[in-house]
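Chain residues, written in single-letter form:
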Amino acid sequence: MAERLVALLLVFAPLSLVSLGGGPSIFAEMQRQAVDVHGWMSAGQFTDLFAISRAAPGPGSLICALVGWQAAGFLGALAGALGLYVPSSCLLLAVGHWWRRRGDSPARRMIERGLAPVAVGLIFAGVYALLQADGAGWLEMVTLALCTIALLRGASPYAVMAVVALLYTGLQQAGAIGS
Amino acid sequence: MPEPDPPQASLPDILRVFTAMGLASFGGGLAGWMHREIVERRRWMSEEGFLAGVALGQVLPGPNSVNLALYIGQQLRGVPGAAMAFIGILGPPFVVILGLALLYSWGTGVAGFAVVLGGVAAAGLANSLATGLRTARRIRDLSSWVVVAVTFITIGLLRWPMIPVVAVLIPASIALAWAGGRARG
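Residues numbered from 1 in each chain as written. Chains lettered and ligands numbered in written order. Predicted model: local features only at pLDDT ≥ 70, side-chain atom pairs only at ≥ 80, totals over all residues. Heavy atoms only, no water.

**Examining the overall build of chain A**
(1) Moving on: Counting its secondary structure elements, chain A contains seven helices and zero strands.
(2) Moving on: Seen in sequence order, chain A has helices and strands lined up from the N terminus as α-α-α-α-α-α-α.
(3) Moving on: The C-alpha atoms of chain A give 20 Å as radius of gyration, which overshoots the globular expectation for 179 residues (16 Å, by more than 25%).
(4) Moving on: Dimensions of chain A, computed from the C-alpha atoms along their principal axes, are close to 55 × 50 × 25 Å.
(5) Moving on: Among the 179 residues that make up chain A, the fraction classed as buried is 46%.
(6) Moving on: Partitioning the contacts of chain A with sequence separation of at least 6, the portion at a separation of at least 24 is 49%.
(7) Moving on: Of the roughly 8200 Å² of accessible surface on chain A, a fraction of 67% belongs to carbon and sulfur atoms. (Helix = DSSP H or I, 4+ residues; strand = E, 2+ residues; numbered from the N terminus. Rg over C-alpha atoms; globule rule 2.2 N^0.38 Å. Buried < 20%, exposed > 50% of the residue type's maximum accessible area, 1.4 Å probe, protein only. Contact = heavy atoms within 4.5 Å. Areas by Shrake-Rupley, 256 points an atom, 1.4 Å probe, with all protein chains shown as cover.)

**Some remarks on the interface of chain A and chain B**
(1) Moving on: Facing the 86 residues of chain A at the interface are 98 residues of chain B.
(2) Moving on: Summing both sides of the interface, chain A and chain B together bury roughly 7900 Å²; the carbon and sulfur share of this comes to 77%.
(3) Moving on: At the boundary of chain A and chain B, one finds zero salt bridges.
(4) Moving on: At the junction of chain A with chain B, the criterion picks out 11 residue pairs in polar contact (both at pLDDT 80 or more).
(5) Moving on: Elements with a minimum of two residues in the side of chain A that touches chain B: helix 1 (2-18), helix 3 (43-55), helix 4 (63-101), helix 5 (106-133), helix 6 (138-152) and helix 7 (157-173) of chain A.
(6) Moving on: For the side of chain A that touches chain B, the leading source of residues is helix 5 of chain A, giving 24 residues.
(7) Moving on: When the residues that make up the side of chain A that touches chain B are grouped by side-chain class, the tally is 54 nonpolar, 23 polar and nine charged. (Buried area = accessible area lost by both parts, 1.4 Å probe. Salt bridge = Lys/Arg side-chain N within 4 Å of Asp/Glu carboxyl O. Polar contact = N/O pair within 3.5 Å; in protein donor to acceptor, adjacent residues only side chain to side chain. Nonpolar A, V, L, I, M, F, W, Y, C, P; charged D, E, K, R; others polar.)

**Digging into the pattern of salt bridges**
All names here are of chain B.
(1) Moving on: This model, assessed by the stated rule, comprises eight salt bridges over all chains.
(2) Moving on: Measuring nitrogen to oxygen at the nearest pair gives 2.9 Å for the salt bridge that ties R134 to E40. Residue R134 is found in helix 5 (residues 114-137), and its partner E40 is found in helix 2 (residues 30-41); the two are separated by 94 residues along the sequence.
(3) Moving on: The buried category is assigned to R134, whose relative accessible area is 16%.
(4) Moving on: When salt bridges with common partners are traced through the structure, they connect R36, E37, R41 and R42 into a single cluster.

**Here's the deal with empty space enclosed by the protein**
Residue and element names in this part refer to chain B.
(1) Moving on: A complete count under the given rule lists two cavities of 30 Å³ or more for this structure.
(2) Moving on: Of the voids in this model, the largest cavity is the one considered here, and its volume is about 50 Å³.
(3) Moving on: Those elements that place two or more of their residues in the lining of the largest cavity are helix 2 and helix 5.
(4) Moving on: In terms of residue count, helix 5 provides more of the lining of the largest cavity than any other element does, four residues in total.
(5) Moving on: When its residues are assigned to classes, the lining of the largest cavity shows four nonpolar, three polar and two charged. (1 Å grid on protein atoms, 1.4 Å probe; cavity = no way out; pocket = protein on both sides within 12 Å on 5 of 7 lines; lining within 4 Å. Points joined across faces, edges and corners; volume = space filled by probe spheres on them.)

**Things to note about helix 6 of chain A**
Every α-helix winds through 3.6 residues per turn, so residues three or four apart in the chain are directed the same way.
All names here are of chain A.
(1) Moving on: Along its 15 residues, helix 6 runs 21 Å from first to last C-alpha, staying within 8% of the 21 Å computed at 1.5 Å per residue.
(2) Moving on: Those residues of helix 6 not exposed but buried are E140, T143, L144, C147, T148 and L151. For helix 6, the buried positions fall inside an angular range of 130 degrees around the axis, keeping them on one side. Counted as exposed and oriented over 90 degrees from the buried face of helix 6: W138 and L146.
(3) Moving on: Of the residues flanking the end of helix 6, it is G154, one or two places downstream, whose phi is positive at about 100 degrees. (Expected span 1.5 Å × (residues − 1). Arc of directions from axis to C-beta.)

**Quick notes on the packing of aromatic side chains**
Given two aromatic rings, one states the distance between the centres and the angle between the planes to describe the pair.
(1) Moving on: The full count for this structure, using the stated rule, is five aromatic pairs over all chains.
(2) Moving on: Where A:F74 meets B:F94, the ring centres are 6.3 Å apart and the plane angle is 65 degrees; that geometry is what we call edge-to-face. Of this pair, A:F74 sits in helix 4 while B:F94 sits in helix 4 (residues 64-105), placing the two residues on different chains.
(3) Moving on: In this structure, B:R42 packs its charged tip against the face of B:W44, placed 5.8 Å from the ring centre. (Phe/Tyr/Trp six-rings, centres within 6.5 Å; stacked < 30°, edge-to-face > 60°. Lys NZ or Arg CZ within 6 Å of the ring centre and 35° of its normal.)

**Re helix 5 of chain A**
(1) Moving on: Over its 28 residues, helix 5 of chain A extends 40 Å from the first C-alpha to the last, a length consistent with the 40 Å expected when each residue adds 1.5 Å.
(2) Moving on: One or two residues past the end of helix 5 of chain A sits A:G135, with phi positive at roughly 60 degrees.

Below is the structure:
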């Protein structure tokens, strides 16, 4: 048991520091480690865990907790999450501390003005990448467009999510979508 | 341009807001949620400060949304603030996801709600897209628009590796902002 917890930390802590661009960049390696290297689960089980992580609220990277849970129960889930989040968080806090000490200096304002358009481009790129990863069809595209318009007009995101979930559940129950 | 001091965020406030977002953010799109709650509704942070966090969170290793939450918490209240944001954004979803895993281990199919999930994920993405569009509307000068377009095309469409691309784009964009600032000033 203790060995598995250590193994989980050793799998996830390095992934934490190479996970550039967030979760999607490390899913493939996570799967290779969990399925092929350590044999904690089958490929099919990993796919199911991925679906669960998409169904839950919160960051998609929480699949690390599911992998840990499958490998070693509740403590495994904790080990997986701590392994994935703590190393990168320490690095971010170190940089953030330095950044915060700059205060409201003109240099910082200039850097922020320069970062802003890159950040906007990255947001659009992220939406595009996730649409592709989810294999979104026309129905999802229409949903995305309508929800975006609603949000831009000031609709509450809580309400938008609830309406979409109800609508899709209704359509599925009626047999109009899915199988 | 003098701006009024932003309202102070207390540690319990930070924990509460991030817990609510952690529980509501089905299908991702956390950057969109944070922009709405932190910048638009509560005005705890300026638009520029937030976007700097988005860029920083993506450039540094680690999951983007967790990085952004840590950054916001830290800028507001230092390391304790970051800890509150971290616990709020990850704690409740951690419990929910383990509950789902338990259901799964009892043999409940997960394929059934894949369709509903697709729709909810699209709605979650709409949150990010709306944030991108809202912030983009404030961009006035042409050079910034070029940076937005180049970033999206190279990283989104062409799938070039992000780090080398932003390693070039960020200094270039800062230089443009600096030159623009001097031309105006």
